[in-house]
Amino acid sequence: MNPVQPGRAAAASPKLSLKAERFTESVIREMTRLAIRHSAVNLSQGFPDFPAPAEIKRAAQDAIAADINQYAVTWGTKKFRDAIAANFERTQGVSVDPEREITVCCGSTEAMMSAMLAIINPGDEVVVFEPFYENYGPDAILSGATPRFVKLRPPDWTFDPDELAAAFGPNTKAIILNTPNNPTGKVFERAEFEKIRDLCVKWNTFAITDEIYEHMLYDGAKHISLATLDGMRDRTITINALSKTYSVTGWRVGWAIAPPEATAAIRKVHDFLTVGAAAPLQEAGAVAMNSPASYYQSLATEYLARRDRLLGILTSAGFKCFKPRGAYYIMTDISAFGFPDDVTFAKYLVTEIGVAAVPGSSFYLDRDEGKNHLRFTFCKKESTFQAAAERLARLRAKV
Ligand SMILES: Cc1ncc(COP(=O)(O)O)c(C=O)c1O
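These numbers come from a predicted model, not from an experiment. Numbers given to residues run from 1 along each chain, matching the order in which its sequence is written. It should be noted that, the model being predicted, local features are given only for residues of pLDDT at least 70 and side-chain atom pairs only at 80 or more, the latter also being counted only at that level, while totals for whole chains, interfaces and linings use all residues. To obtain the side-chain values, all non-hydrogen atoms of the structure were included, while hydrogens and water were left out.

### Brief notes about the site of the ligand
Put simply, the test is: Near is defined per residue: the residue qualifies when any heavy atom it owns lies within 4 Å of the molecule or strand. Counted as a polar contact is a pair of N or O atoms within 3.5 Å, where, for protein atoms, one must be capable of donating a hydrogen and the other of accepting one, and residues adjacent in sequence contribute only when both atoms are in side chains. Method for areas: the Shrake-Rupley scheme with a 1.4 Å probe, in which residue coverage is limited to the protein chains shown. We count a stretch as a helix when DSSP gives it H or I for four or more residues in a row; a strand needs E for two or more, and each element gets its number in order from the N terminus. Here the nonpolar group is Ala, Val, Leu, Ile, Met, Phe, Trp, Tyr, Cys and Pro; Asp, Glu, Lys and Arg are the charged ones; every other residue, Gly included, is treated as polar.
Close to the ligand lie 15 residues; Thr109, Asp210, Tyr213, Lys244 and Arg252 are nearest. One nitrogen or oxygen atom from the side chain of arginine 252 is found 2.7 Å from an oxygen atom belonging to the ligand. Here an oxygen atom of the ligand sits 3.5 Å away from a polar atom, N or O, in the side chain of tyrosine 329. Bound to the protein, the ligand loses 93% of the 400 Å² it would expose on its own. The biggest single contributor to the shell around the ligand is helix α5 (residues 107-119), with three residues. Here the shell around the ligand is built from residues that sort into six nonpolar, six polar and three charged.

### Concerning the pattern of salt bridges
Between side chains of opposite charge, pairing is possible as soon as their charged atoms come close. In plain terms, the rule: We define a salt bridge as a side-chain nitrogen of Lys or Arg found within 4 Å of a carboxyl oxygen belonging to Asp or Glu. Each residue gets one of three labels from its accessible area relative to the maximum for its type: buried under 20%, exposed over 50%, partly exposed in between, using a 1.4 Å probe on protein chains only.
Counting across every chain of the model gives 22 salt bridges. When the shortest N-O distance is used, the salt bridge between glutamate 99 and lysine 78 registers 3.5 Å. A residue pair is termed long-range when its members are at least 10 positions apart, and glutamate 99 in the loop between α4 (78-92) and β2 (102-105) and lysine 78 in helix α4 qualify at 21 residues. Under the relative-accessibility criterion, glutamate 99 is labelled partly exposed at 37%. With relative accessibility at 46%, the residue lysine 78 sits in the partly exposed group.

### Some thoughts on the packing of aromatic side chains
The condition that has to hold: Stacked, edge-to-face and tilted are the three classes for Phe, Tyr and Trp ring pairs, Trp counted by its six-membered ring, which pair at centre distances within 6.5 Å; planes under 30 degrees apart are stacked, over 60 edge-to-face, the rest tilted. Ring-over charges, as used throughout, are those where CZ of Arg or NZ of Lys falls within 6 Å of the ring centre and within 35 degrees of the ring normal.
Under the defined criterion, the tally for this structure stands at 24 aromatic pairs. Here the aromatic rings of tryptophan 157 and phenylalanine 322 are separated by 5.3 Å at their centres, their planes lie at 70°, and the arrangement is edge-to-face. With tryptophan 157 in the loop between β4 (146-151) and α7 (161-167) and phenylalanine 322 in strand β9 (residues 320-322), this residue pair connects regions lying 165 residues apart in the sequence. Take tryptophan 157 and phenylalanine 322: they sit in the same class, and that class is buried. Clustering of aromatic rings is evident, with ring pairs tying together Phe50, Tyr213, Tyr218, Tyr303, Tyr328, Tyr329 and Phe378. Looking at arginine 306, its charged tip hangs above the ring of phenylalanine 50, at a distance of 4.1 Å from the centre. Sitting over the ring of tyrosine 303, arginine 306 keeps its end group 4.6 Å from the ring centre.

### Here we look at the sheet that holds β2
Short version of the rule: Pairing between strands is defined by DSSP: at least two bridges between the two strands are required. What counts as an axis is a line fitted to C-alpha atoms, over the stretch in contact for a helix, and the angles between N-to-C directions run from 0 to 180 degrees. Note on contacts: a residue pair is in contact if any heavy atoms of the two residues lie within 4.5 Å.
Spatially, β2-β8-β7-β6-β5-β3-β4 is the arrangement adopted by the seven strands of the open sheet, whose pairing is mixed. On the outer flanks of this sheet lie β2 and β4, each paired with one strand and no other. Each adjacent strand pair in this sheet contributes to an overall mean axis angle of 20°, direction not counted. Relative to strand β6 (residues 206-210), strand β5 (residues 172-178) is paired through five bridges, and the arrangement is parallel. Across the sheet, the residue bridging to isoleucine 176 is isoleucine 208, located in β6. Contacts from α4 reach β2, β7 (236-241) and β8 (254-257), with the element oriented near 115° to β2. Its contacts with the sheet place α5 against β2, β3 (125-130), β5, β6, β7 and β8, and it is angled at close to 160° to β7.

See below:
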């Protein structure tokens with residue numbers, strides 16, 4: 001007989017949420033845990049392994065020392081919202097009202113979730129480009145939206161306008177898109193945005209754009225915010241964060257910029273989900289958002305060098321690479337290695353070679369479609385690349 005532990009039920013446990021049953025743990029975050037367990041070089045999860053800018057860290061330290069340690073205004077401190085508004089005007093020429101159109105959240109992850117919970121009703125559909133950043137799947141399930149996927153096809157990750165048009169309909173509430181794009185490195189062009197805009201206007205939908213990699217651009221690519229297109233200002237929810245631009249992914253500070261009515265709903269959802277983002281880090285965020293233009297230029301230049309470094313390493317190891325025009329990931333084709341699928345290959349890489357990457361299937365609904373892909377990140381310092389190069393050189397013999 002199994003003794004029942006004090007406080008534990010003897011019979012079956014109460015049922016868990018059906019929503020939570022419909023998605024798995026994040027494969028990306030799981031790869032980081034595996035990398036730690038196997039002392040592998042971690043090229044899976046997109047967090048920098050180099051220091052954040054000294055001035056921004058000092059601003060956070062100063063804020064804590066000055067006792068900015070209590071709840072901030074739930075939708076973000078005025079100073080930070082003003083800085084976000086000024087930054088959006090400077091970079092995209094869009095003027096927004098920080099009092100009525102900005103909600104500061106716990107990372108862009110929470111901004112996306114709050115935005116979706118604020119606009120989705122039962123029966124609503126959202127159009128999502130695939131491959132997609134893996135959070136968007138669970139975001140749809142948790143908010144109750146049905147995703148309609150539209151393919152981005154290699155090598156340029158373009159979409160078929162007819163397929164996009166067919167995904168829209170009377171139940172469409174929003175399109176979710178990420179530019180510059182994780183995992184493909186695609187940067188959406190104006191002509192593509194015009195097609196998207198026409199469909200959003202035709203079907204009277206929102207667009208939620210995740211622009212967290214806005215400053216990581218290569219080979220002349222330009223970042224366009226969908227909100228700048230005629231007809232989109234009042235139907236676009238623009239999501240962004242400090243995470244990637246300022247190398248502080250662990251701070252968990254992001255925001256949503258949305259028209260006033262949508263913002264009012266987002267703020268309510270956000271308040272009851274998290275109350276607010278860390279107050280001292282919002283102080284530092286205000287300093288970060290006022291960085292000089294030279295900061296963003298150096299960021300892009302340094303990331304270009306990192307991209308080319310990793311492209312070189314992966315190509316010499318036998319990977320076929322899709323050269324990214326933005327963000328900080330490289331999607332690869334692994335067919336030449338002859339493994340049965342991406343997950344088997346990723347496990348072999350992390351355990352036998354000592355390098356962690358993300359299986360391509362985690363970016364697709366039908367996992368088979370990603371089975372020839374692995375995603376590597378290049379937000380890493382030179383010693384990390386050096387270690388990865390040495391380890392991956394052992395792979396060459398397998399091709
Ligand atoms: C496209 C995209 N959106 C959002 C996030 C998460 O951002 P945050 O740290 O601001 O929650 C990531 C992180 O990798 C990402 O790639």
